[in-house]
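Listed below, chain by chain, are the residues.
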Amino acid sequence: SVLTDLIYGGSNAVAGLTEGAVNDAIAKYGEDKKVAMPDTAYFLPTIYAATGVKVSKLGDLPACVGVLKSLISNKEDLGEALNAGLATAVGAEIIEALKYVDNADPYAEDSGIGFVPDPVIRSLGVPLVTGDIPGVAVVLGKADNAEDVVTVVKDYQSKGIMTFLIGDVIEQCAEGGVKIGLDFRVVPLGHDVTAVIHVVTVAIRAALIFGNVTPGDLPGLLKYTKERVPAFVNTFGALNEVVVSAGAGAIALGFPVVVDVDLGENQVPGALESVLDHSMTVKKSLELRNIKIKVTELPIPVAFASAFEGEIIRRGDMQVEFSSHKAPTCELVQTCNADDIEDHKITIIGKDLDELEQGQTFALATYVQVAGAKMQPDFEPVIERKIHAWYNYMEGVMHTGQRNQIRVRVSKAAYEAGLRLTHFAEVLYNMIMDEFDIVVDKCQVTIVTDTDKVQELLDTVAMPTYEKRDERLETLTDESVDQFYTCTLCQSFAPSHCCVVTPERLGLCGAVSWLDAKATKELNPTGPCQPISKEGCEDEVKGIYPDVNRMVAEATQGALEKVTLYSIMEDPMTSCGCFECICGIEPFSNGVIIANREYAGMTPLGMTFGELASMTGGGVQTPGFMGHGRHFIASKKFMSAEGGFERIVWMPKELKDDVAERLNKSAKEKYGIDNFTDMIADETVATDEESLMAFLQEKNHPVLGLDPIM
Ligand code: SF4
Ligand code: NI
Ligand code: NI
């Protein structure tokens, strides 16, 4: 058929190009020249996942070209032709990898970013499982009319879809005013069509990271991407055979392709479809992947989407700012008697945006009062923390901080579009009633900009409430509650993973505290957070509970039988892959090092965060490695089975500074050590074993007196 001919034409062309490029590179650099994608533990991910081969030097590539060619049968059969599409993917991966030979940043001159590092993929775990990112769009080509692709991409952005751009659509979108960047969920990959591999390997590494798919298990890989990665492809403009064969590769991975040219009878329903009317492209694409977008209609004059969360508003672009640096601020959600508040009552006290002087900084209080039969004070901070996200979701609004330490900026563009403080209140009212309707029956919102009134609210209502809450958090220990919770949210990507969330050990993603889990259970009784009884505790220090074991076994369909809550060696808690930090044993010191996802440098174990992270994940127990949240580090339960956080010998400086106050306090209380973090090395003093040991000896780190960990 025309279609299979096109696919084979493209695959054979790519095969030829790849073979030539590999031969040229070997002739130029020799077989032993290193070849690697930047910041990944998965080699050339497509080849590694599909065949198990760990490409590390140019001499490894001719065999891969052989595999690639064997995938192209040239037989008149669609299934066979889709395999040839995978060959195109392998070829594209090799061609792209060769760009990185002897060049750390081959994309410096391109408007695309090229290869996507592992830590970025890990950071996408939580927004994907919560549905915050409901799907992944791959937009490729050059639109005949630039407005068409601009409209489509803006539509995806407004729906929170993560969009990857390849080809001239990048400039078309940029020129059309699309806000571009990882933070805006519109990611330009590159101009060559082979750059499409950089989104393909995102899906493939998701299978390796979260899905625990065995490298070399091609059917398992294809099943994972098809069932669990909600991606699809849109092409713009005329198709050539290379694009068509790349599309065949996408289809083989389970990603439907929507093109904007008429393929007539060559369409493959459900997999390859023509949509000529661009106003239908988004709808059709989402339907094909069965992606449902939850829409909350908000009565505001600007866009509201998670894609605007990372938006930065510079001083020169701002209409006004509210900041705790210059004026009192607070944000508070408080439970009230139903009789004392009026549902949907919105009050603005003080000047609104149109009365506040442009370019200046003011006071701001956001005071939300809620009432409901099922409302509990424990849910207040859970709702309150969402104010940050919801304010940020407004296009042209930037929010940072929480409680009495906040900054809010409103852009001139948003102001000119008509945005006022009543809209802020409407957003909160509508979102609270949407997400927390099970516990909130009535909600009223008061926004204050009058400095004296804000100060009064801060002093008389907000601060006392924060203090009371902190007291509650202080006493909220694993001993003081009678239930823990499961969290199985990540099972959509990591089917055999289950977190156990306790007051002192939050979910490894850092996003689910015990209070969050408790609220989730109330909001969604049969949902991902189910209570675990603490009865019959077998070992308090190690954290062995019969019901923990029973619940994780149930939640993972028997994949996991035992979890010891506070041990890194004995049945440690598993990881899905989206952990904030990875902790690993450092054998020379008998201690452990911790690296956070943001840290891109080397650790004394000779591994980066990404490499350490690849040692665990996919719901598998790996003694000696443990994924966890930042907050867990200062907990007295942190690997208490092995002696506790006294074992920590190294952390990146940023992480150490972040946890210092709490960690030092805990160290004083638990071990009587002053300024414990001064004894912990970081990258400024040690990135190898020798300098680490020298530092620990110089500081007389307590780990040197402990028993061997293994
Ligand atoms: Fe995923 Fe665990 Fe976080 Fe739940 S608590 S979202 S399962 S990482
Ligand atoms: Ni915003
Ligand atoms: Ni996860």
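Above this text sits the structure in question.
Structure report, in brief. The structure displayed is predicted, hence computed values, not measured ones. (Residues numbered from 1 in each chain as written. Chains lettered and ligands numbered in written order. Predicted model: local features only at pLDDT ≥ 70, side-chain atom pairs only at ≥ 80, totals over all residues. Heavy atoms only, no water.)

**Notes on the coordination of the nickel ion (ligand 3)**
And step 1. Around the nickel ion (ligand 3), the protein contributes the donor atoms Cys-490 (SG), Cys-576 (SG) and Cys-578 (SG), which lie 2.1 to 2.2 Å from the metal centre.
And step 2. Judged by its relative accessible area of 1%, Cys-576 is buried. (Donors = N, O, S within 2.8 Å, 3.2 Å for Na, K, Ca; no water. Buried < 20%, exposed > 50% of the residue type's maximum accessible area, 1.4 Å probe, protein only.)

**Points about the layout of surface pockets**
And step 1. For the second largest pocket, the calculated volume is near 370 Å³.
And step 2. Taken together, 19 residues form the lining of the second largest pocket, with Lys-34, Val-35, Ala-36, Met-37 and Pro-38 sitting closest to its centre.
And step 3. Here the residues of the lining of the second largest pocket are counted per class, giving eleven nonpolar, three polar and five charged. (1 Å grid on protein atoms, 1.4 Å probe; cavity = no way out; pocket = protein on both sides within 12 Å on 5 of 7 lines; lining within 4 Å. Points joined across faces, edges and corners; volume = space filled by probe spheres on them. Nonpolar A, V, L, I, M, F, W, Y, C, P; charged D, E, K, R; others polar.)

**Section: the site of ligand 1**
And step 1. Every residue near ligand 1 is listed here: Cys-487, Leu-489, Cys-490, Cys-499, Gly-507, Leu-508, Cys-509, Val-512, Cys-576 and Cys-578.
And step 2. In terms of residue class, the shell around ligand 1 is built from nine nonpolar, one polar and no charged. (Near = heavy atom within 4 Å.)

**Considering the coordination of the nickel ion (ligand 2)**
And step 1. Protein-derived ligands of the nickel ion (ligand 2) are Glu-311 (OE), Asn-392 (O), Met-394 (O) and Val-397 (O), with the metal-ligand distances lying across 2.1 to 2.6 Å.
And step 2. Every donor counted, the four donor atoms about the nickel ion (ligand 2) form angles of 87 to 147° at the centre, which fits irregular coordination.
And step 3. The motif formed by the donor residues of the nickel ion (ligand 2), counted along the single chain, is E-x80-N-x1-M-x2-V. Of the two residues, Glu-311 is situated in the loop between α12 (281–288) and β7 (318–323) and Val-397 in strand β12 (residues 397–402); the sequence distance between them amounts to 86 residues. For the pair Glu-311 and Val-397, a shared accessibility class is recorded, and that class is buried. (Tetrahedral: all angles 85-135°; square planar, octahedral: opposite > 155°, others 65-115°. Helix = DSSP H or I, 4+ residues; strand = E, 2+ residues; numbered from the N terminus.)

**Brief notes about the sheet that holds strand β2 (residues 162–166)**
And step 1. Within the open sheet, the six strands sit side by side as β3-β2-β1-β4-β5-β6. Their pairing is parallel. What marks the edges here is a single partner per strand, and that holds for β3 (186–190) and β6 (272–274). Each strand of the sheet is rotated relative to its neighbour by a mean of 20°, with strand direction disregarded.
And step 2. Here β2 pairs with β3 via four bridges, running parallel. Bridge pairing in β3 links Phe-164 to Val-187.
And step 3. This element, helix α7 (residues 146–158), spans β1 (136–141), β2, β3 and β4 (231–236) of the sheet and lies at about 165° to β4. (Pairing = 2+ DSSP bridges. Axes fitted to C-alpha atoms, helices over the stretch in contact; angles between N-to-C directions. Contact = heavy atoms within 4.5 Å.)

**A short note on the nonpolar core**
And step 1. Counting residues in hydrophobic clusters, the biggest one holds 182 residues, and the most contacted among them are Met-394, Phe-424 and Val-440.
And step 2. Among the elements that line this core, the one with the most residues is helix α4 (residues 78–99), at eleven residues.
And step 3. Ranked by size, the runner-up nonpolar core spans 25 residues in total, among them Leu-506, Ile-633, Ile-680 and Ile-709. (Core = buried A, V, L, I, M, F, W, Y, C linked by side-chain atoms within 4.5 Å.)

**A look at the pattern of salt bridges**
Opposite charge on two side chains makes pairing possible when the charged atoms of those side chains draw close.
And step 1. In the structure shown here, the tally under the stated rule is 39 salt bridges.
And step 2. Close ionic contact of Asp-378 with Arg-472 constitutes a salt bridge, the shortest N to O distance being 2.7 Å. Taken as a pair, Asp-378 in the loop between β11 (364–371) and α13 (380–393) and Arg-472 in helix α16 (residues 451–475) lie far apart in primary sequence, 94 residues in all.
And step 3. We classify Asp-378 as buried; its relative accessible area is 10%.
And step 4. For Asp-674, the salt bridge is made with Lys-668, and the minimal N-O distance between the two is 3.1 Å.
And step 5. The partly exposed category is assigned to Lys-668, whose relative accessible area is 41%.
And step 6. In the salt-bridge network here, residues are joined through shared partners; they are Arg-315, Glu-321, Arg-407 and Arg-409. (Salt bridge = Lys/Arg side-chain N within 4 Å of Asp/Glu carboxyl O.)

By themselves, these are just geometric observations and shouldn't be taken as functional.
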